[in-house]
Amino acid sequence: MTDLRDIAIIGGGIMGCSAALRLAEGGMQPIVLDQGDLGQGASGVNAGTLSLQIKRVKLMPYALRGHHEWEAMGNAVGFRKTGGYTLAFNDREEALLHERQTLKAEAGAPISFVSNNALRDAEPHLTHAVKAASYCPEDGYANASLTGQYYRGRLQDRGIDYRERSPVKAIELSKTGFALNTPSGTIHATRLLLAAGAWLKPVAAMLGVNLPVNARINTVSVTERMPPLTSHVIGHATGLLTMKQKANGTVLVGGGWQGRGTPQEGRGEVTAATVIPNLALGQFALPDLGRARVLRSWTGFEANVPDFYPLAGGLPGVEDAFVLGCVRGGYTIGPYIGKLMGDAILGREPELPLFDPGRDFSKETI
Ligand SMILES: Cc1cc2nc3c(=O)[nH]c(=O)nc-3n(C[C@H](O)[C@H](O)[C@H](O)COP(=O)(O)OP(=O)(O)OC[C@H]3O[C@@H](n4cnc5c(N)ncnc54)[C@H](O)[C@@H]3O)c2cc1C
């Protein structure tokens, strides 16, 4: 007799795992499949910044609720609510900071502008060249390298079946729903959730669907342990810098600078042409960073669509298939949007609207 699952989830990143948990809570029996280990994709290699200040205005309600999810996960994911400062160094950046952060504050984020004196009291090691700064007490970070371990434990606790090193090679429509071809055999499921991150395009293509997903290759660097330099998450008005000093003294520097490579090749490459200006911006903000040796720089693949909003809803043209993924800052909203997606599949009204994967990406439809 065929072992028929209620739903097969392709992708064991933060999106797939959080949806799996919600679906199981709602009484379904999901199976999660990952081509590598759980959390080995973007969810396990990202900068871990949980900052409302770098999210898009329309995503503010999702990001705020995402923050509450992270708070609840707490120590197990290395969560720290440090508060965060976003800095502007010149008139143009100051105008940008004011425009963006005012809109986010109006959308419900507790963001305020702070004087240079207040900034200096809170962060004495920052450069004195700051022109303007905003502050959000909700900002913080988690440790992305704990994501896989955390969700593996949660899936096990819930009795959710998952298979690592199980790449889905082909998907066929069957009488009972979907038949997924994996090296360890065929998996049958009534429903399907594609949560394959930067690999969404080739996975959707297995069902003949062309999703407009492309991949960004973000770079992150970490320094050796340093004496205390900064105690908040530090960002830049342009979004080109995120920086935080971990409890062990290492400083993590990111900001979406691009490396080289494609998800299909399996590995991205760090390039000096982008790591150097990223670190230089970090050092400009925090001059003492210049004394730190960089231990490692790495890249990860982040899925993206033309309007930079999530995909969360039915896979166009394929009944009982769903897609969940994309969006800059997807780590922050992942645990929450996974729940929303789970609710929709369970036939419940999601608390906030989803993001139709079949929308017209050339128009402002969200
Ligand atoms: C370097 C970097 C830094 C970032 N920094 C931040 C940040 O500071 N804050 C923030 O909020 N966001 C950040 N992001 C974005 C965030 O990490 C992602 O938006 C989020 O983790 C995406 O989660 P996901 O589950 O959709 O994708 P992923 O975590 O990539 O999971 C997709 C999974 O699908 C699996 N898969 C793919 N194809 C198949 C297949 N055929 N069969 C089986 N499994 C398959 C992959 O192995 C992978 O594990 C960053 C991203 C990167 C890359």
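All residue numbers refer to position in the chain's written sequence, counted from 1. Only residues with pLDDT of 70 or above have their local features reported here, since the model is predicted, and side-chain atom pairs are shown and tallied only from 80 upward, although totals for entire chains, interfaces and linings are computed over all residues. Only hydrogens and water are removed before side-chain values are computed, so all heavy atoms of the structure are retained for them.

## Here we look at the sheet that holds strand β12 (residues 214-223)
Applicable threshold: One bridge is not enough; two strands pair if DSSP finds at least two bridges between them. A run of DSSP states H or I qualifies as a helix once it reaches four residues; a run of E qualifies as a strand once it reaches two. Both are numbered from the N-terminal end. Axis angles are defined between N-to-C directions and span 0 to 180 degrees, where every axis is a line fitted to C-alpha atoms and, for a helix, only to the segment in contact.
Spatial ordering of the open sheet is given by β5-β6-β4-β13-β14-β15-β12-β16, a layout of 8 strands whose pairing is mixed. Every interior strand has two partners, whereas the edge strands, β5 (112-114) and β16 (294-304), have only one. Sheet twist, expressed as the mean angle between neighbouring strand axes with direction ignored, is 25°. Relative to strand β6 (residues 132-136), β5 runs antiparallel, the two being bridged by 3 bridges. Pairing of Phe113 across the sheet is with Ser134, part of β6.

## Let's talk about the packing of aromatic side chains
Stated precisely, the cut-off is as follows: Aromatic contacts are taken between Phe, Tyr and Trp rings whose centres are within 6.5 Å, Trp giving its six-membered ring; a plane angle under 30 degrees counts as stacked, one over 60 as edge-to-face, and the others as tilted. The classification of residues rests on relative accessible area computed with a 1.4 Å probe and restricted to protein chains. Under 20% of the type maximum is buried, over 50% is exposed, and intermediate values are partly exposed. Counted as over-ring charges are cases with an Arg CZ or a Lys NZ within 6 Å of the ring centre that also lie within 35 degrees of the ring normal.
This structure, assessed with the given rule, holds 8 aromatic pairs. Relative to Tyr135, the ring of Tyr85 lies with its centre 4.7 Å away and its plane at 35°, an arrangement referred to as tilted. One end of the pair, Tyr85, is in strand β4 (residues 84-88); the other, Tyr135, is in strand β6, with 50 residues separating them in the sequence. With a centroid separation of 5.0 Å and an interplanar angle of 85°, the aromatic rings of Tyr150 and Tyr151 are classed as edge-to-face. Across this residue pair, the class does not change: Tyr150 and Tyr151 are buried. By the ring-pair criterion, three or more aromatic residues cluster together here, those being Tyr62, Tyr309, Tyr336 and Phe355. Here Arg56 stacks its cationic end above the ring of Tyr309, 4.4 Å away from the centre of that ring. Sitting above the plane of the Phe308 ring, Arg328 keeps its charged end 4.3 Å from the centroid.

## Re the site of the ligand
The cut-off we apply is this: A molecule or strand has a residue near it when one of that residue's heavy atoms lies within 4 Å. Under this definition, polar contacts are N or O atom pairs within 3.5 Å; protein pairs additionally need one hydrogen-donor-capable and one acceptor-capable atom, and for neighbouring residues in sequence, both atoms have to be side-chain atoms. Surface accessibility follows the Shrake-Rupley procedure with a 1.4 Å probe radius. Residue values consider only the protein chains on display as shielding. Residues are grouped as follows: Ala, Val, Leu, Ile, Met, Phe, Trp, Tyr, Cys and Pro are nonpolar; Asp, Glu, Lys and Arg are charged; all remaining types, including Gly, are polar.
Looking at the ligand, there are 36 residues lining it, with Asp34, Gln35, Ser43, Thr49 and Thr332 nearest. Ile14 places a polar main-chain atom, nitrogen or oxygen, 3.2 Å from an oxygen atom of the ligand. Interatomic distance of 2.6 Å between a side-chain N/O atom of Asp34 and an oxygen atom of the ligand. Considered on its own, the ligand offers 1,000 Å² of accessible surface; in the complex 95% of this is hidden by protein. For the shell around the ligand, the per-class residue count stands at 17 nonpolar, 17 polar and 2 charged.

## A look at the nonpolar core
Selection criterion: Grouping buried Ala, Val, Leu, Ile, Met, Phe, Trp, Tyr and Cys residues that are joined through side-chain atoms within 4.5 Å yields what is termed a nonpolar core.
Trp70, Leu155 and Leu193 are the most contacted members of the largest nonpolar core, which totals 50 residues. When contributions to this core are tallied by element, the ones reaching two or more residues are β1 (4-10), α1 (14-25), α3 (60-73), α6 (147-158), β18 (321-325) and α9 (330-345). No other element matches α1, which puts 8 residues into this core. Counting 33 residues, the second-largest nonpolar core is a separate cluster that includes Ile10, Leu192, Leu311 and Phe361.

## What to know about the side chain of Thr86
On the secondary structure map, Thr86 appears in strand β4. Within the structure, Thr86 has its side chain in polar contact with the side chain of Gln53 (distance 2.9 Å).

## Side note on the state of the cysteines
In plain terms, the rule: Note on terminology: pairs of cysteine sulfur atoms within 2.5 Å are recorded as disulfides.
Across all of its chains, the model carries 0 disulfides by this definition. With no disulfide of its own, Cys17 lies 17 Å from the sulfur of Cys326, the closest cysteine sulfur.

## Considerations on unusual backbone geometry
Positive phi values are uncommon outside glycine, yet Arg165 reaches one of about 50°. According to the relative accessible area criterion, Arg165 is exposed, its value standing at 56%. Even without being a glycine, Cys326 presents a positive backbone phi close to 65°. Tracing the backbone shows Cys326 in the loop between β18 and α9.

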